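A closer look at the structure
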Amino acid sequence: SGFRGSTRSPPKKPSVSPGDPPRTPPLAPVLQLLRNQLQEKDALIRHLENDWERSRAQREREERLLVTAWYNMGLALQQQEGGTPSRRLPSGAQSFLAQQRLATAARRARTPHGRAPSS
């Protein structure tokens, strides 16, 4: 009977029979698995960021080396020609880029398609 003072026991949970679908796993192992996955992804992100930073630094070093090489090449060419780039154009001094174009054209005229002349 459903009176307040009755000694009725609480309802029982249904028993699991072998054919029933499995219950969801406890929450703690699922959380731990997700935490582990998150830590792995964070480690991967840090690794990729470090790789990117190294690549960026390497690219900057290479760019500085190229600029230095161009500068040194232009300086050597200018010294080789006697240091007077205005010799060719009496109207005035030429820009660095114009000097490089003239030097490249002169080299190409001396050697066909960048190859050493055959003897």
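Our subject is the structure that appears above.
Summarised in this report is the structure supplied together with it. (Residues numbered from 1 in each chain as written. Predicted model: local features only at pLDDT ≥ 70, side-chain atom pairs only at ≥ 80, totals over all residues. Heavy atoms only, no water.)

Here's the deal with helix H2 (residues 96–110)
Between its first and last C-alpha, H2 extends 21 Å over 15 residues, near the 21 Å set by a 1.5 Å rise per residue. Considered for burial, the residues of H2 that qualify are Gln99, Gln100 and Ala103. Buried positions in H2, seen along its axis, are confined to an arc of 100° and lie on one side of it. In this structure, H2 carries Arg101, Arg108 and Ala109 as exposed residues pointing more than 90 degrees from its buried face. Contact partners of the buried residues in H2: helix H1 (27–80). (Helix = DSSP H or I, 4+ residues; strand = E, 2+ residues; numbered from the N terminus. Expected span 1.5 Å × (residues − 1). Buried < 20%, exposed > 50% of the residue type's maximum accessible area, 1.4 Å probe, protein only. Arc of directions from axis to C-beta. Contact = heavy atoms within 4.5 Å.)

Quick look at the pattern of salt bridges
Following the criterion strictly, the structure yields four salt bridges and no others. We note a salt bridge from arginine 54 to aspartate 51, for which the minimum N-O separation is 2.2 Å. Remark: aspartate 51 and arginine 54 occur in helix H1; sequence separation between them is three residues, near one turn of the helix. The exposure class of aspartate 51 is partly exposed, given its relative accessible area of 27%. Across the pair arginine 56 and glutamate 60 runs a salt bridge, and its minimum N-O distance is 2.6 Å. Here glutamate 60 and arginine 56 lie together in helix H1, a separation of four residues that amounts to about one turn. On the accessibility criterion, glutamate 60 (29% relative accessible area) is partly exposed. One connected set of salt bridges, linked through shared partners, spans Glu53, Arg56 and Glu60. (Salt bridge = Lys/Arg side-chain N within 4 Å of Asp/Glu carboxyl O.)

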